Amino acid sequence: MRPLVRILLKGSLQQIRHITAVPQDAARGPVAEVYAQARQEFGIVAPPLALHSPAPEALAAAWLLLRETLLAEGRVGRAAKEAVATAVSQANDCPYCVEVHEATLATLGAADRHGPLAQWARSAGTVPAAGQTPAPFDAQEAPEILGTAVTFHYLNRMVRLFLPDSPVPASAPAAGRGPAMRMVARALRPDRGRTVTPGASLGLLPAAPLPAGLDWAKTNPAVAGALSRAVASVDAAAERWIPEAVRDLLHAELAVHDGTVPGPSRAWLGEATNGLPVGQLPAARLALLIALNPHQITDTDIDAFRAAHPGDRELVELASWAALTAAVRTGARLGEAVRPASSAAR
């Protein structure tokens, strides 16, 4: 089945917008290493991962997050984590991710068992901590579940920017979409006989301290290592060229909105960036949109950024930094709000 799926998805990287992903046969160095691990342990090099390829550090960070939270075998079953991935994607209105992970969850045959977990994941991070229901998992399960939530708060933002609403081409017959997605979902498994051992990807990035607010990950070294290394790598890339004023502004605006989505108009964007030098506006505006309301991004925003920063690597690095900064803040808020009720995630 997997060779057939790979043939079907051979042109899937052409779906990626705004940048050109590195083709698998042209991958070298760290990109080739990530691609090889993804093929062995996830079945394919999926577009949400490949879209990071113009920026090797961002690609490695995305793979560490996805592998060590969703894929690696641990205390929490894959079905429970797929339920979290689907629910977070629904909350963020990311139809591409919803379609992929709903199909994967359906092939695991356990969707009904994880209703309370999915309900919690859909609302967690979008309502005040005082209004959240107790989390349906225990403290030992928290790193994998909260880590998966952080990963998809990140990936949803990247997918909204770089991919269409569905992994199935628009020209595909409607009757064939469901079966095609289920066939793809069944192929999203490790190679026969291979175990996705926690922590095996961590060597792709250097060790780093765990970000503030993510203490809930400490009991799981693989999840903590993925989060710490991914954040440090993405932040380091941003610090090389994104102005400090832009970075400070994003942190300030995330604190102001604290999980709420600004809008419905874009007046908030002009108010937030008022006073910045003209040359910093394209990066600042795009970063704020990615982090706070990716549905408001327009081609004009991309074109304005491209005029100042034409390289694919810079666009991926800005998007990755803005998306991960927002996701980590959500993860810290989730940790504050978690009041485990019972162990129901397995």
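The structure we're discussing is the one just above.
Scope of this entry: the structure provided in the associated data block. Small disclaimer: the values here were computed from a predicted structure and weren't measured. (Residues numbered from 1 in each chain as written. Predicted model: local features only at pLDDT ≥ 70, side-chain atom pairs only at ≥ 80, totals over all residues. Heavy atoms only, no water.)

Considering the overall build of the protein chain
The secondary structure content of the protein chain amounts to 15 helices and zero strands. Residues counted as buried form 55% of the 346 residues belonging to the protein chain. Counting contacts in the protein chain only where the partners sit at least 6 residues apart, residues at least 24 apart contribute 78% of the total. (Helix = DSSP H or I, 4+ residues; strand = E, 2+ residues; numbered from the N terminus. Buried < 20%, exposed > 50% of the residue type's maximum accessible area, 1.4 Å probe, protein only. Contact = heavy atoms within 4.5 Å.)

Side note on empty space enclosed by the protein
Scanning the model with the defined rule gives one cavity of 30 Å³ or more in all. By volume, the largest cavity amounts to about 30 Å³. Taken together, Ala55, Glu57, Ala58, Val234, Ala237, Glu317 and Ser320 make up the lining of the largest cavity. Put simply, the parts of the chain that give the lining of the largest cavity at least two residues each are helix H4 (56-71), helix H10 (221-241) and helix H15 (312-337). When grouped by side-chain class, the residues that make up the lining of the largest cavity number four nonpolar, one polar and two charged. (1 Å grid on protein atoms, 1.4 Å probe; cavity = no way out; pocket = protein on both sides within 12 Å on 5 of 7 lines; lining within 4 Å. Points joined across faces, edges and corners; volume = space filled by probe spheres on them. Nonpolar A, V, L, I, M, F, W, Y, C, P; charged D, E, K, R; others polar.)

Description of helix H14 (residues 299-308)
Here H14 has its buried residues at Asp301, Ile302, Phe305 and Arg306. For H14, the arc enclosing every buried residue in end-on projection is 130°, short of the 170-degree limit, so these residues lie on one face. Projecting away from the buried face of H14 at angles above 90 degrees are the exposed residues Asp299, Thr300, Asp303 and Ala307. (Arc of directions from axis to C-beta.)

Focus on the packing of helix H2 (residues 29-42) against H4
Contact pair H2 / H4: the axes reach a minimum separation of 9 Å and the direction vectors enclose 20°. By the angle class used here, H2 and H4 are roughly parallel. The crossing of H2 and H4 is left-handed. Only Pro56, Leu59, Ala60, Trp63, Leu66, Arg67 and Leu71 of H4 make contact with H2, whose side of the interface consists of Pro30, Val31, Val34, Tyr35, Gln37, Ala38, Glu41 and Phe42. Residue classes in the contact of H2 with H4 are distributed as twelve nonpolar, one polar and two charged. (Axes fitted to C-alpha atoms, helices over the stretch in contact; angles between N-to-C directions. Parallel < 35°, antiparallel > 145°, perpendicular 65-115°, else oblique. Left-handed = near helix turned anticlockwise from the far one by under 90°.)

Digging into the environment of glutamine 14
When you line up the elements, glutamine 14 lands in the loop between helix H1 (2-8) and H2. When the C-alpha atoms of glutamine 14 and leucine 163 are compared, they prove to be 9.6 Å apart, with 149 residues separating the residues in sequence.

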